[in-house]
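Reading the structure
What follows is each chain in one-letter form.
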Amino acid sequence: MSGGPLRLAVLVSGSGTNLQALLDAPAAPFEVVVVGADREDTGGVERARARGIPTFVCRVADHPDRAGWDAALARSLATHDVDLVVSAGFMKVLGPQVLAAHRVVNTHPALLPSFPGAHGVRDALAHGVRVTGCTCHWVDAGVDTGPVIDQRAVRVEDGDTVETLHERIKVQERAMLVEVLTRLASDRSWR
Ligand code: GRF
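For the structure given in this document, a descriptive report is provided here. These numbers come from a predicted model, not from an experiment.

Some points on the state of the cysteines
- Summed over the entire model, instances satisfying the criterion amount to zero disulfides.
- The thiol sulfur of C136 is not disulfide-bonded, and the nearest other cysteine sulfur, from C134, lies at 8.6 Å.

Quick notes on the packing of aromatic side chains
- Applying the stated criterion to the full structure yields two aromatic pairs.
- Arranged with centres 6.4 Å apart and planes meeting at 15°, the rings of W69 and F90 form a pair that is stacked. Residue W69 is found in helix α3 (residues 66-78), and its partner F90 is found in the loop between β4 (84-87) and α4 (96-101); the two are separated by 21 residues along the sequence.
- Relative accessible area serves as the criterion here: at 6%, F90 is assigned to the buried category.
- Aromatic pair W138 and W190: ring centres 5.7 Å apart, planes at 40°, arrangement tilted. Separated by 52 residues along the polypeptide, W138 in strand β6 (residues 131-138) and W190 in the segment after α6 (162-186) bring together distant segments of the chain. Like W138, the residue W190 is buried in the burial classification.
- Geometry around W69 places R66 over its ring, the cationic atom sitting 5.5 Å from the centre.
- For the cation-ring pair, R103 lies above W138, with the distance from its terminal atom to the ring centre recorded as 4.0 Å.

Structural notes on helix α1 (residues 17-24)
- Buried residues dominate α1, accounting for seven of its eight residues.
- Among all positions of α1, only T17, N18, L19, Q20, A21, L22 and L23 are buried.
- Contacts from the buried residues of α1 go to β1 (6-12), β2 (30-37), α2 (43-50) and α6.

What about the packing of helix α5 (residues 120-127) against α6?
- For the pair α5 and α6, the least separation of the axes is 10 Å and the interaxial angle reads 115°. Here α5 and α6 pass one another in a crossing that is right-handed. Side by side, α5 and α6 meet where V121, R122 and L125 of the first sit next to V162, L165, H166 and I169 of the second.
- In the contact of α5 with α6, the residues fall into five nonpolar, one polar and one charged.

Reading the values: rules and limits
- Residues numbered from 1 in each chain as written.
- Predicted model: local features only at pLDDT ≥ 70, side-chain atom pairs only at ≥ 80, totals over all residues.
- Heavy atoms only, no water.
- Disulfide = S-S within 2.5 Å.
- Phe/Tyr/Trp six-rings, centres within 6.5 Å; stacked < 30°, edge-to-face > 60°.
- Helix = DSSP H or I, 4+ residues; strand = E, 2+ residues; numbered from the N terminus.
- Buried < 20%, exposed > 50% of the residue type's maximum accessible area, 1.4 Å probe, protein only.
- Lys NZ or Arg CZ within 6 Å of the ring centre and 35° of its normal.
- Contact = heavy atoms within 4.5 Å.
- Axes fitted to C-alpha atoms, helices over the stretch in contact; angles between N-to-C directions.
- Left-handed = near helix turned anticlockwise from the far one by under 90°.
- Nonpolar A, V, L, I, M, F, W, Y, C, P; charged D, E, K, R; others polar.

Here it is in structure tokens:
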């Protein structure tokens, strides 16, 4: 590792359990320096506040268009000295300004390239697959299309609902995300 902990901005839209896994990772070679959300009242922002980590909310509805939102999000991120952006349950497609300024890692609750989009768990279950899982990947301009970094498989059990399956996937997802970021902090050749 070189240059101290990897400085992370984490983007969230929901409960923030992936964020919490990063905050709780013992002796991690990374540090969450800011947490951003696209909506008010997320569990993720609450978790950050509880740790004294700076937060911001950047809502699409507060800007004239997506380009304006993208620019505002890029400005919010630019006020922190960030090495890497982590999209951890962030339910928005990032725009060109953010992507030009940052490398971004996303976590997705399906085995990409199968079942991209906002309903990966529901779509996998509806398709009837017996194995699904989660994927950590670099973000590009597409929807869940960037190069895969790591994946974990999760079996679909008889009687699974979207909720029960998603909970088991998230156990794997949190561990995967911590491992991936630990590797990216150790080998920074991706920068
Ligand atoms: C994760 O499964 C993520 O991949 C998906 O939404 C979930 C977010 O969970 N897009 P949390 O907010 O980290 O608990």
